[in-house]
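# Summary of the model geometry
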Amino acid sequence: EEDAAADVDTMLAADSVPVDGALPGQPGQANSGEPERDPYDVKATGVLASEYLRQMAERAEADMERKTKTEDEEEVNSVEPDHLEGRRVHSWVLVRAGKRMVDQSFFCGADHRSA
């Protein structure tokens, strides 16, 4: 039993990869002068910035410029106050054909101003 356990330990030791990266049967390949790149290393891509946040900032800036422009135009195009604001009433009346010697239906419109 001890020999079997020793054989298993010997086989495991023979199958293990040394720390320097050289595989069994390929001596000296890992130390060929240039460092071996780990395929799982994260590659530097430059400055990390969100495209969405950049677009939202541009939109916000454009909205602010548009609001400022419209506010300036409103100040320039301001109209004198209307003394009849909220006192105008407009109505339509449908007169239907058939009775009272009316041959055709029609609408009558009226403007009313209360002082």
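Here, residues in each chain are numbered from 1, in the same order as that chain's written sequence. pLDDT decides what is reported in this predicted model: residues at 70 or higher carry local features, side-chain atom pairs at 80 or more are listed and counted, and totals for whole chains, interfaces and linings draw on all residues regardless. Each side-chain value is derived from all of the structure's non-hydrogen atoms; neither hydrogens nor water enter the calculation.

## Details of the packing of aromatic side chains
In this scheme Phe, Tyr and Trp rings, the latter by its six-membered ring, pair at centre separations within 6.5 Å, and the angle between planes marks the pair as stacked below 30 degrees, edge-to-face above 60, and tilted otherwise. In the structure shown here, the tally under the stated rule is one aromatic pair. Pairing Trp92 with Phe107 gives two aromatic rings, centres 6.1 Å apart and planes at 85 degrees, and the pair type is edge-to-face. Separated by 15 residues along the polypeptide, Trp92 in strand β1 (residues 88-95) and Phe107 in strand β2 (residues 106-113) bring together distant segments of the chain. With respect to burial, Trp92 and Phe107 carry one shared label: exposed. Numbering of helices and strands runs from the N terminus, with a helix taken as a DSSP run of H or I at least four residues long and a strand as a DSSP run of E at least two residues long. Whether a residue is buried, partly exposed or exposed follows from its accessible area with a 1.4 Å probe, protein chains only, as a fraction of its type maximum: under 20%, in between, or over 50%, in that order.

## Regarding the environment of Gly109
Residue placement: Gly109 occurs in strand β2. Each residue touching Gly109, except ones within four places of it in the same chain, is listed here: Ser91 and Trp92. By definition in these notes, contact holds between two residues if any of their heavy atoms fall within 4.5 Å.

## Overview of a nonpolar patch on the surface
On the surface, a cluster of nonpolar side chains totalling about 330 Å² of accessible area is made up of Tyr52, Leu53 and Met56. Of note, Met56 is situated in helix α2 (residues 51-76). Like-charged residues are merged into a patch within 9 Å and nonpolar side chains (Val, Leu, Ile, Met, Phe, Trp, Tyr) within 5 Å, provided each residue has over 30% relative accessible area and no salt bridge. Computed with a 1.4 Å probe, the accessible areas rest on the Shrake-Rupley method; for each residue, only the protein chains presented here act as cover. For this analysis, a salt bridge means a side-chain nitrogen from Lys or Arg found within 4 Å of a carboxyl oxygen belonging to Asp or Glu.

## Structural notes on the pattern of salt bridges
Pairs can form between side chains of opposite charge once their charged atoms are near each other. All chains considered together, the criterion is met by three salt bridges. With a closest N to O distance of 2.1 Å, Glu51 and Arg54 form a salt bridge. With Glu51 and Arg54 both in helix α2 and three residues apart, this pair spans about one turn of that helix. When the shortest N-O distance is used, the salt bridge between Arg66 and Asp63 registers 3.1 Å. In this pair, Arg66 and Asp63 are both assigned in helix α2, three residues apart and thus about one turn of the helix distant. Several salt bridges converge on common partners, so that one network encompasses Glu51, Arg54 and Glu58.

## Some details on the confidence of the model for the chain
Confidence scores labelled pLDDT are given residue by residue by the predictor and lie between 0 and 100. Summing up the model confidence of the chain, the mean pLDDT is 75 and the portion of residues at 70 or higher is 65%. Across the chain, the secondary-structure element scoring lowest on mean pLDDT is helix α1 (residues 2-15), at 61, and the one scoring highest is α2, at 88.

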